[in-house]
Amino acid sequence: MSNTIPDTVLEQVSVIMQPQAESGLTEDFIIPVPTLTSATSPGIVYVSFTRESPEEYVQASFQCILKFVSKELDPSTGEPEEEGYEDEYQLEETELAAADYIVPSYVTFASEWDRM
């Protein structure tokens, strides 16, 4: 996530991900970005899901919503206001595909030849 507005701070920045119905996924937790300013952008939000059936590699689509509290910065002190307002934005849908379960392995011919 990036904050491109220099006189605003975003707090409690998180992404709510809703998997499609009966996807076989259960949300574990969300690790939000506590504070995001234009100087500290970009920030990373983590969302964790568990497969209800570990032996199945579920493919699903997620509707995503960006949620945060927006606070204006006082130009004289640079401190955020005491109170802000909650806001949210609809993000693009995200897909979980079979390739997301595969860890890439980079093999070079020279290293494999030397190993043999």
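Residues numbered from 1 in each chain as written. Predicted model: local features only at pLDDT ≥ 70, side-chain atom pairs only at ≥ 80, totals over all residues. Heavy atoms only, no water.

Chemist: Explanation requested: the overall build of the chain in the structure shown.
Modeler: Along the backbone of the chain there are one helix and six strands. Ordered by position from the N terminus, the helices and strands of the chain form the series β-β-β-β-β-β-α. The C-alpha radius of gyration of the chain comes to 20 Å, more than 25% above the 13 Å expected for a compact globule of 116 residues. Referenced to the eigenvectors of the C-alpha coordinate spread, the extents of the chain come out at roughly 65 × 45 × 20 Å. Every one of the 116 residues in the chain was classed for burial, and the buried ones make up 23%. Pairs at least 24 apart in sequence give 65% of the contacts found in the chain among residues at least 6 apart. Roughly 8,700 Å² of accessible area belongs to the chain as shown, and the carbon and sulfur atoms make up 53% of that amount. For the chain, the separation between the mean place of its 4 positive charges and that of its 23 negative charges on side chains is 9 Å. (Helix = DSSP H or I, 4+ residues; strand = E, 2+ residues; numbered from the N terminus. Rg over C-alpha atoms; globule rule 2.2 N^0.38 Å. Buried < 20%, exposed > 50% of the residue type's maximum accessible area, 1.4 Å probe, protein only. Contact = heavy atoms within 4.5 Å. Areas by Shrake-Rupley, 256 points an atom, 1.4 Å probe, with all protein chains shown as cover. Lys, Arg positive; Asp, Glu negative; His and termini not counted. Charge placed at Lys NZ, Arg CZ, Asp CG, Glu CD.)

Chemist: Would you mind showing me how to read the confidence of the model for the chain here?
Modeler: Detail in the predicted coordinates should be disregarded across regions flagged by low pLDDT. Within the chain, residue pLDDT values average 90, and 100% of them lie at 70 or more. Looking across the chain, the model is least confident in helix H1 (residues 109-115), with a mean pLDDT of 84, and most confident in strand E2 (residues 25-31), with 95. (pLDDT = per-residue confidence, 0-100.)

Chemist: Mind showing me how you'd approach the nonpolar core here?
Modeler: Side chains that are nonpolar tend, in soluble globular proteins, to be buried together. Counting 15 residues, the largest nonpolar core has Val13, Val15, Leu25 and Phe62 as its most contacted members. In contact with Phe62, other than residues within four places in its own chain, are Met17, Gln18, Pro19, Leu25, Phe49, Glu93, Thr94 and Leu96. (Core = buried A, V, L, I, M, F, W, Y, C linked by side-chain atoms within 4.5 Å.)

Chemist: Where do I start with unusual backbone geometry in this structure?
Modeler: For residues besides glycine, phi is generally negative; the peptide bonds are generally trans as well. A cis amide bond links Ser41 with the next residue in sequence, Pro42, at an omega value of -5°. Here Pro42 lies in the loop between strand E3 (33-36) and strand E4 (46-51). Positive phi values are uncommon outside glycine, yet Glu22 reaches one of about 50°. Turning to its location among the elements, Glu22 is positioned in the loop between strand E1 (8-19) and E2. Take Glu22: its relative accessible area is 83%, and that puts it in the exposed class.

Chemist: Explain a negative patch on the surface to me, please; I cannot follow it from the model alone.
Modeler: A cluster of acidic residues, Asp7, Glu72, Asp74, Glu79, Glu81, Glu82 and Glu83, forms a negative patch on the protein surface. Overall, Glu83 belongs to the exposed group, its relative accessible area being 66%. (Patch = residues over 30% accessible without salt bridge, like charges linked within 9 Å, V, L, I, M, F, W, Y side chains within 5 Å. Salt bridge = Lys/Arg side-chain N within 4 Å of Asp/Glu carboxyl O.)

Chemist: What should I look at first to understand the sheet that holds E1 in this one?
Modeler: In any sheet, the strands associate via hydrogen bonds between backbone groups, in a parallel or an antiparallel arrangement. Sheet architecture is open: four strands sit in the order E3-E1-E5-E6, paired in antiparallel fashion. Of all the strands in the sheet, the pair left with one neighbour each is E3 and strand E6 (85-96). Adjacent strand axes in the sheet meet at a mean angle of 30° when their direction is disregarded. Where E1 meets strand E5 (residues 60-72), 10 bridges bridge the pair, whose relative direction is antiparallel. Opposite Glu11, over in E5, you have Val69 as the bridge partner. (Pairing = 2+ DSSP bridges. Axes fitted to C-alpha atoms, helices over the stretch in contact; angles between N-to-C directions.)

Chemist: Sorry, what's going on with a nonpolar patch on the surface here?
Modeler: Taken together, the side chains of Phe29, Ile31, Ile44 and Tyr46 define a hydrophobic patch exposed on the protein surface, amounting to about 420 Å² of accessible area. Structurally, Phe29 is set in strand E2.

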